[in-house]
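Observations on the model geometry
What follows is each chain in one-letter form.
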Amino acid sequence: VLHTTRALHTAQQRLAPLPPLPEKGGEVRYGLIPEEFFQFLYPKTGVTGPYMLGTGLLLYFLSKEIYVINHETVAAACILSVIIYGIKKYGSDVAAFADKLNEEKVAKALSVKNEAIKDLETAIEQEKKEQWRVEGCKYLFDSKRNNVAMLLETNYRERLLTVYNEVKKRLDYQVAMQNLKRQKEQDHMIQWVERNVAQSITPQQQKESIAKCILDLKALSKTAQAAV
Amino acid sequence: GPLSERRLMDVRLGELPAWLATCDLSPQGLLGGVRKAWSSYYDKYINVKRGGPAGISMLLAGYCLLSYGWNYQHIKCHRWRKYH
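Conventions used here
Residues numbered from 1 in each chain as written. Chains lettered and ligands numbered in written order. Predicted model: local features only at pLDDT ≥ 70, side-chain atom pairs only at ≥ 80, totals over all residues. Heavy atoms only, no water. Helix = DSSP H or I, 4+ residues; strand = E, 2+ residues; numbered from the N terminus. Buried < 20%, exposed > 50% of the residue type's maximum accessible area, 1.4 Å probe, protein only. Areas by Shrake-Rupley, 256 points an atom, 1.4 Å probe, with all protein chains shown as cover. Salt bridge = Lys/Arg side-chain N within 4 Å of Asp/Glu carboxyl O. Contact = heavy atoms within 4.5 Å. Buried area = accessible area lost by both parts, 1.4 Å probe. Polar contact = N/O pair within 3.5 Å; in protein donor to acceptor, adjacent residues only side chain to side chain. Nonpolar A, V, L, I, M, F, W, Y, C, P; charged D, E, K, R; others polar. UniProt positions renumbered as here; feature names shortened; annotations may be inferred.

1. Some points on the overall build of chain A
Within chain A one finds 4 helices and 2 strands. Secondary structure elements of chain A, listed N to C terminal, follow the sequence β-β-α-α-α-α. For chain A, the residues scored as buried account for 5% of the 228 residues in total. Carbon and sulfur atoms form 65% of the exposed surface of chain A, whose accessible area is close to 21300 Å².

Listed below in structure tokens is the structure:
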């Protein structure tokens, strides 16, 4: 059962970051005897104490022949002298070379770390830019919504105009029909009245009216002649 | 501090048997002690940024002394003087 309420990995890790290696090792005198031995004997015997101890021990071993001088001693002396000469002559060069190798290793690791940090920083900046863009989306959507509303309004008004035109056409038709009907009725009535009047004039009346017209014309001509 | 937790160099001469009694002398304990000594020697003289010849020269010197001690019985035959 995993207690998910417990906080995991919160304390600083024990080995991270790794403590750096110490610069120099423990002090060693003549390459063989650590300094601690000299410091250990210093309070009681001063500076020359360990050297006296070493000389005494050496003479004791030689005189009691606990250390026997044989061919191996000569060989050891030659080997040691060659080794010491080599170290004294080329020691610093080898140390510089090893230091350079170490430097390269450290520089490579450091460059990897810096590259990673730079990449992450650019990623962070791009992320922030994306967030800024998202804020701009609001305006984009507002303008799009405005466009859509305008399209809807335009469409609605077009249809309103169509409806109006259609209704007007139908009403005009009705009006034209009524006008036509009245016109036809009027014409028909006028013709009927004229026909009936023309029929009612009998020939007798026609002769009488023509005689009366002639008499009127004679009277008029008399008065006209008199005027001239 | 208490006797069992002190290191060997901090123990007085008179307390040495008591200190030896408190330390772990089983095989695992001895092995652990050897491992700790080896790793502390390494951390002091070899795992450093700028070490010198001291690190391995001490190990070689110790090896020379050990091998001389193992072959002493054979070397004793090549002594120069008869009486010491």
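2. What about the pattern of salt bridges?
Summed over all chains, the structure comprises 11 salt bridges over all chains. Across the pair Glu-36 of chain A and Lys-44 of chain B runs a salt bridge whose closest N-O atoms are separated by 2.6 Å. With Glu-36 of chain A in helix α1 (residues 35-45) and Lys-44 of chain B in helix α2 (residues 27-45), this pair bridges two chains. A relative accessible area of 32% places Lys-44 of chain B in the partly exposed class. Each of the salt bridges in this network shares a partner with another, and the network as a whole consists of Glu-166, Lys-169 and Arg-170 of chain A.

3. Structural notes on the interface of chain A and chain B
Taken residue by residue, the interface counts 21 residues in chain A and 19 residues in chain B. Taken over both partners, the interface formed by chain A and chain B buries close to 2000 Å², and the fraction arising from carbon and sulfur atoms is 55%. Counting the surface chain A buries against chain B, the share from its top three residues, Glu-23, Glu-65 and Val-68 of chain A, is 25%. Inspection of the region where chain A meets chain B yields 3 salt bridges. Of the charged contacts, one joins Arg-50 of chain B and Asp-99 of chain A as a salt bridge, the two residues approaching to 3.2 Å between their closest N and O atoms. Applying the counting criterion to the chain A and chain B interface returns 14 residue pairs in polar contact (both at pLDDT 80 or more). The residue inventory of the side of chain A that touches chain B, partitioned by class, reads 10 nonpolar, 5 polar and 6 charged.

4. What about the UniProt feature "transmembrane region" (unreviewed entry) in chain B?
UniProt's entry tags residues 54-72 of chain B with the feature "transmembrane region" (unreviewed entry), counted in the numbering of this structure. Within the segment residues 54-72 of chain B, helix and strand shares are 95% and 0% respectively, and the terminal C-alpha atoms sit 27 Å apart.

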